[in-house]
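Residue-level structure breakdown
The chain contents come next:
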Amino acid sequence: MKLFIYGTDIDTKKKEESIRQLFNQDNNIINLSIDLEDVDNVLRIEATDITKEADIINKVKEKGFNCMELAD
């Protein structure tokens, strides 16, 4: 399993739902959460080992949102 953590501009429940719908279709996504209370609107994704970081970032950006990896 891999854990991906990103800062985003997903700042409403409606935007969160559009991302959830996008990733619900992906069988490699195990769990997804978005912290709407955090200043970085943190997106956390648990995924299978075959999931590529670039694929996640591209999917989020294709939906029209910013997505950047957060430093540890």
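These notes cover the structure that comes with them. (Residues numbered from 1 in each chain as written. Predicted model: local features only at pLDDT ≥ 70, side-chain atom pairs only at ≥ 80, totals over all residues. Heavy atoms only, no water.)

Looking at the environment of Thr51
The line we're drawing: Runs of H or I in DSSP of at least four residues are treated as helices and runs of E of at least two as strands, each being numbered from the N terminus. Contacts are assigned to residue pairs that have any heavy atoms within 4.5 Å of one another.
On the secondary structure map, Thr51 appears in the loop between β3 (42-47) and α2 (53-62). Between the alpha carbons of Thr51 and Asp26 there is a distance of 9.9 Å; along the sequence they are 25 residues apart. Residues within four places of Thr51 in sequence aside, it is in contact with Lys2, Phe4, Asn28 and Ile56.

Things to note about the environment of Tyr6
Applied cut-off: Exposure classes here rest on a 1.4 Å probe applied to the protein chains alone. A residue is buried below 20% of its type maximum, exposed above 50%, and partly exposed in between.
Looking at where Tyr6 falls in the secondary structure, it is placed in strand β1 (residues 2-8). Tyr6 gets classed as buried once you look at its relative accessible area, which sits at 0%. Tyr6 sits 18 residues away from Asn24 along the chain, and the two C-alpha atoms are 18 Å apart. Sequence-distant contacts of Tyr6, defined by excluding residues within four places in its chain, comprise Asn41, Val42, Leu43, Glu53, Ile56, Ile57, Cys67, Met68, Glu69 and Leu70.

Re the sheet that holds strand β2 (residues 29-35)
To be explicit about the condition: Strands are treated as partners if at least two bridges between them are detected by DSSP. The angle between two axes is taken between their N-to-C directions and runs from 0 to 180 degrees, where each axis is a line fitted to C-alpha atoms and a helix contributes only its stretch in contact.
Ordered by their spatial adjacency, four strands build an open sheet running β2-β3-β1-β4, and the pairing between neighbours is antiparallel. Looking at the sheet topology across the chains shown, the edges are occupied by β2 and β4 (67-69). Sheet twist, expressed as the average angle between the axes of neighbouring strands with direction ignored, equals 30°. Packing of helix α1 (residues 13-24) onto the sheet brings it into contact with β2 and β3, and relative to β2 it is tilted by some 170°.

Read these as layout, nothing more, since geometry by itself doesn't imply function.
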